[in-house]
Amino acid sequence: MKNILVIGATGQIGSELTMKLRSVYKDGNVVAGYIRGAEPKGELLESGPAELVDITDPAQIAAAVDKYNVDTIYNLAAILSAVGEAKPQLAWKIGVGGLYNCLEVSREKGCALFTPSSIGSFGPTTPHENTPQDTIQRPETMYGVTKVTGELLSDYYYRRFGVDTRSVRFPGLISYVTPPGGGTTDYAVDIYYSAVKGEEFECPLCNGTYMDMMYMPDALRAAIELMEADPSRLLHRNSFNIASMSFDPAMIAAKIKQYIPDFKMTYKPDPLRQQIADSWPDSLDDSCARREWDWKPEYDLDSMTRDMIEKLRIKLNVKA
Ligand code: AKB
């Protein structure tokens, strides 16, 4: 039996991960931790316990851990890359201060802790193609700075205090459920909404801007499989490169056109997002994750596109 606290349970990843964890760990409690103004609704609220858990308040985290006898925390509170540039102080408070609170509670109460890192932990001096697991990490965004700090801090708590910290570097995540907010990779979600609604899409990145992306079901599986992995096989912990597909705007647009032939895209690059995207890898080498815990993606650009279009047509009530 596992008792799990998901912090940030109503966000882009948290809303789906909480439901997935509830379907995997049926005998335990999967607590949806939320903040004021982002209360859980519908299935997320009805299918299990929910608690007010603001990551900046260690007492609230500890109280939820005690109340539900939590043994594993998934820390999904984050300020994404573009918003992080508008609000760097808040990005640090949530990304590093919040993680520190989770690490301290985990140390005191013996919890395992999952905290995502990101392709944003790399920077312009990182090798851009087939980016290795262990390489230069000198990001130039506050988001990236918090992610590298988080990786180091999490490894420190593992080595120094034995806290079972584990993490993956998520690529841009694509889903039809909860939209992302304030990221650099968000265009790869927005493009599907426009295409399904029959609207022209204005792309905020230039053609030729390659980034790693992943369909949400693979990302959820990665988080859970890593937390279930045999610790004796893990040579790395914070954080593993994981990958499934790399594309630029023209490639995703061409793939959508295969299924929605009238779809049209124009380019209007946003300077901030373009600068961030240019500093991130084009593609990641995820061989360590494959070797150490058998990571393997299931979706590629084609299967993801078919599923996204089918699910969004249902969600938006649009006929094929
Ligand atoms: C962002 O674009 O900020 C995120 C990420 C890649 O971590 N989606």
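Residues numbered from 1 in each chain as written. Predicted model: local features only at pLDDT ≥ 70, side-chain atom pairs only at ≥ 80, totals over all residues. Heavy atoms only, no water.

Quick question: what am I supposed to make of the site of the ligand here?
Taken together, L80, S81, S118, I119, Y143, G183, T184, T185 and W280 make up all the residues around the ligand. Separating an oxygen atom of the ligand from a side-chain N or O atom of Y143 is a distance of 2.6 Å. Side-chain polar atom of T185 to a nitrogen atom of the ligand: 2.9 Å apart, as the coordinates give it. Relative to its unbound accessible area of 250 Å², the ligand is 95% covered by the protein chains. Grouping the constituent residues of the shell around the ligand by class yields four nonpolar, five polar and no charged. (Near = heavy atom within 4 Å. Polar contact = N/O pair within 3.5 Å; in protein donor to acceptor, adjacent residues only side chain to side chain. Areas by Shrake-Rupley, 256 points an atom, 1.4 Å probe, with all protein chains shown as cover. Nonpolar A, V, L, I, M, F, W, Y, C, P; charged D, E, K, R; others polar.)

How should the sheet that holds strand β11 (residues 211–215) be read in this particular structure?
By definition, the strands of a sheet pair up through backbone hydrogen bonds, in either a parallel or an antiparallel sense. One open sheet accounts for three strands, arranged β9-β11-β13; its pairing is mixed. The sheet is open, and its two edges are formed by β9 (172–174) and β13 (245–247), each paired on a single side. The mean inter-strand angle of the sheet, taken between neighbouring strand axes irrespective of direction, is 40 degrees. In the sheet, β9 pairs with β11 via three bridges, with the strands oriented parallel. (Pairing = 2+ DSSP bridges. Helix = DSSP H or I, 4+ residues; strand = E, 2+ residues; numbered from the N terminus. Axes fitted to C-alpha atoms, helices over the stretch in contact; angles between N-to-C directions.)

Looking at this model, I keep getting lost on helix α7 (residues 187–197). Mind explaining?
Three or four residues apart is the spacing at which side chains of an α-helix point the same way, because the helix has 3.6 residues per turn. With nine of eleven residues buried, α7 is to be regarded as a mostly interior element. Along α7, the positions that sit buried rather than exposed are Y187, A188, V189, I191, Y192, Y193, S194, A195 and V196. Looking at the residues trailing α7, positive phi occurs at G198, about 80 degrees. (Buried < 20%, exposed > 50% of the residue type's maximum accessible area, 1.4 Å probe, protein only.)

Help me understand the pairing of strand β2 (residues 30–34) in this model?
When a strand is regular, its side chains alternate between the sheet's two faces. β2 sits mainly inside the fold: five of its five residues count as buried. Between the parallel elements strand β1 (residues 4–7) and β2, the chain passes through helix α1 (residues 14–24) in a crossover that is right-handed. Strand direction decides the pairing type here: β2 and strand β3 (residues 50–52), joined by three bridges, are parallel. The residue bridging A32 from the neighbouring strand is A50, located in β3. (Right-handed = clockwise from strand over helix to strand, strands pointing away.)

Please clarify how the nonpolar core should be interpreted in this entry.
Taken as a class, soluble globular proteins show a tendency for nonpolar side chains to be buried jointly. Formed by 37 residues in total, the largest nonpolar core has its most connected members in I174, Y187, Y192 and F247. Element by element, the count of residues in this core is highest for α7, at eight residues. Those residues in contact with F247 that sit more than four places away from it in its chain are I174, Y187, A188, T209, Y210, M211, M213, I252, L301 and M304. Ranked by size, the runner-up nonpolar core spans 33 residues in total, among them Y25, L173, I224 and M227. (Core = buried A, V, L, I, M, F, W, Y, C linked by side-chain atoms within 4.5 Å. Contact = heavy atoms within 4.5 Å.)

Before we go on, may I ask you to explain the sheet that holds strand β8 (residues 168–170) in this structure?
One open sheet accounts for three strands, arranged β6-β8-β12; its pairing is parallel. A single partner strand is all that each edge strand has here, and the edge strands are β6 (117–118) and β12 (240–241). For β8 and β12, the ladder comprises two bridges, and the chain directions are parallel. Bridge pairing in β12 links R169 to N241.

I would appreciate a short explanation of unusual backbone geometry in the present structure.
Most peptide bonds adopt trans geometry, and most residues besides glycine take a negative phi value. Here the amide bond leading from N238 into S239 is cis, since omega sits at 25 degrees, within 30 degrees of zero. Examined against the element boundaries, S239 turns out to sit in the loop between α8 (216–228) and β12. One non-glycine residue, N69, lies in the positive phi region at around 55 degrees. With respect to the helices and strands, the residue N69 is situated in the loop between α3 (58–68) and β4 (72–75). Phi at N130 is positive, roughly 50 degrees, even though this residue is not glycine. Structurally, the position occupied by N130 is in the loop between β6 and α6 (142–161).

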